[in-house]
Each structure stands twice: as C-alpha cells, then as structure tokens.
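As a plain string of letters, each chain reads:
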Amino acid sequence: MIDHLNGKLVEKNPTYIVVECHGVGYFLNISLHTFSLIKDEESIRILTHLQVREDSHTLFGFLENSEREIFRLLISVSGIGSSTARTMLSSMSPQQIKDAIAGGDVPAIQAIKGIGSKTAQRVILDLKDKILKVQDMDEVSHKSNNTGKEEALSALEVLGFVRRQSEKVVDRILAEEASLSVEDIIKQALKNL
C-alpha cells in the first residue's frame, strides 16, 4: 500500500525514524543496518513495508531494496515475525544473511538473539531457493571476472568451509597474486582457513 516515502527526516534513532511528508509524520521501524546508512540530511527517500494487523498498522523503513526483500522473505517463514526479522537485519547485514542462507550456515543464523536451531534450519530450508533470486538486487553483479575464484569457492564449499569465510581468504590471496590457478588458490586457501 505504501511503497516509499519522500520527505523531511524529523527524528532519527537506532530503532526508528520519523519522516514528515506534507504535514504528516510517519513513524518507521528500522534496522541498525538502515540506521547506519541514513545520513544526517534533511530530505530522505525511504522504501517501506506496511504490516497490517488487527490491532496495529506498522511501517518498516529500508534504504536498500535488497534489505526490504530479505525482510519480506524472512517474515514469510513460519515462526519469524517482523521484530525477529528486524533483529536479524540489525545483527547481520543483508549480504551476510543472504550468504548464510545460501550456504546453509545454521550456526550463523542461530547466533542471532531469539533464533533457535529449529528456526534457523526452517529459515534455510524455506528460503534457500528464494534468496538466490534476491542476490545482487541493489548491487551490480559482484561476480568477478576471475572464474578461478568462483571455482575455488565452490570447491571449498564442497569441502565444508563456509563461503563467507572462504571468500575473504580467497580475496586476500588473489589480491597478492591474481594469476594463480584454481588448484593453487585452493591450496593456499586451505592453509589459511
């Protein structure tokens, strides 16, 4: 119903903002991720999600479309409400959540306050296929031209390493020497993981 707001930023707090549009102040619940992206400027354009319940109409605000899409995916999972989804987006960046779900990283999701092992497994099971469609929604593709990097990361994932950690190590290796073969990337990564 309300897709976005363009207006004056009246109040900014870590959990909410107030945006005034044509004399009406809208109270928007936000994550810490969105809070960190909001500059202290007077004018703001913020994407919204309106949650309508019997007892309340609640607006949630997002600066990035990918964060809003992940929020919507999270609240579609049984057992994840809007406050839990907002806590998840405050604890981890949208990219980290995408990576954790795509990589099946139960401990990373379970580390978030209020999420147990069954809920973490349900999130991964329900969203693994859907999350890949949200990948790179805001960003220009992060896929590197280095197919060796992707092959090395896939191999490390098969070996049981978490993609997020592997990617950091592989990026560091390739920063030092970009012309390594896939085998050499994997060998060096295994020494550093």
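Everything below is about the structure shown above.
Residues numbered from 1 in each chain as written. Predicted model: local features only at pLDDT ≥ 70, side-chain atom pairs only at ≥ 80, totals over all residues. Heavy atoms only, no water.

Here we look at the packing of helix α8 (residues 163-176) against helix α9 (residues 182-192)
Selection rule: Interaxial angles span 0 to 180 degrees and are taken between N-to-C directions of axes, which are lines fitted to C-alpha atoms, for helices over the stretch in contact. Going along the chain from the N terminus, every DSSP run of H or I of four or more residues is numbered as a helix, and every run of E of two or more is numbered as a strand. By definition in this entry, angles of less than 35 degrees are roughly parallel, angles greater than 145 are roughly antiparallel, angles of 65 to 115 are roughly perpendicular, and the rest are oblique. Each crossing is labelled by how the near helix is turned from the far one, with a counterclockwise turn of less than a right angle marking it left-handed and a clockwise turn marking it right-handed. Here, two residues are considered to be in contact whenever any of their heavy atoms come within 4.5 Å of each other.
Axis separation between α8 and α9 bottoms out at 9 Å; the angle between their running directions is 120°. Viewed along their axes, α8 and α9 adopt a mutual orientation that is oblique. When the axes of α8 and α9 are compared, the crossing they make is right-handed. For the pair α8 and α9, the contacting residues are Val169, Val170, Ile173 and Leu174 in the first and Ile185, Gln188, Ala189 and Asn192 in the second.

Considering the pairing of strand β4 (residues 43-52)
To keep things clear, this is the line we draw: Strands are treated as partners if at least two bridges between them are detected by DSSP.
Sheet topology places strand β1 (residues 4-12) next to β4; 5 bridges connect them, and they run antiparallel. Looking at β4, one finds that histidine 4 is bridged to leucine 47. Relative to strand β5 (residues 57-62), β4 is paired through 6 bridges, and the arrangement is antiparallel. Considered in β5, the bridge of histidine 49 is made with phenylalanine 60. The turn linking β4 back onto β5 is made up of 4 residues.

Digging into the sheet that holds strand β3 (residues 24-29)
Within a sheet, each strand pairs with its neighbour through backbone hydrogen bonds, oriented either parallel or antiparallel. Spatially, 5 strands are ordered β1-β2-β3-β5-β4 in a closed barrel, and the strand pairing comes out mixed. Strand-to-strand twist in this sheet, taken as the mean axis angle between neighbours without regard to direction, amounts to 55°.

Topic: the packing of aromatic side chains
The description of two aromatic rings rests on the distance between their centres and on the angle between their planes. Under the convention used in this document: What counts as a ring pair is set by centres within 6.5 Å for rings of Phe, Tyr and Trp (its six-membered ring), and what kind of pair is set by the plane angle: stacked under 30 degrees, edge-to-face over 60, tilted for all other angles. Throughout this description, buried means an accessible area under 20% of the type-specific maximum (1.4 Å probe, protein chains only), exposed means over 50%, and partly exposed covers the range between. In our convention, an over-ring charge means Lys NZ or Arg CZ found within 6 Å of a ring centre and within 35 degrees of that ring's normal.
Under the defined criterion, the tally for this structure stands at 3 aromatic pairs. Aromatic side chains phenylalanine 60 and phenylalanine 71 sit 4.9 Å apart centroid to centroid with 40° between the ring planes, which places their arrangement in the tilted category. Of this pair, phenylalanine 60 sits in strand β5 while phenylalanine 71 sits in helix α2 (residues 65-75); the two residues are 11 residues apart in sequence, bridging distant segments of the chain. Both residues of the pair, phenylalanine 60 and phenylalanine 71, count as buried. Judged by centre distance (5.1 Å) and plane angle (50°), the rings of phenylalanine 62 and phenylalanine 71 are tilted. Summarising the burial analysis for this pair, phenylalanine 62 and phenylalanine 71 share the class buried. Clustering of aromatic rings is evident, with ring pairs tying together Phe60, Phe62 and Phe71. The side chain of lysine 12 reaches across the aromatic face of phenylalanine 35, ending 4.9 Å from its centre.

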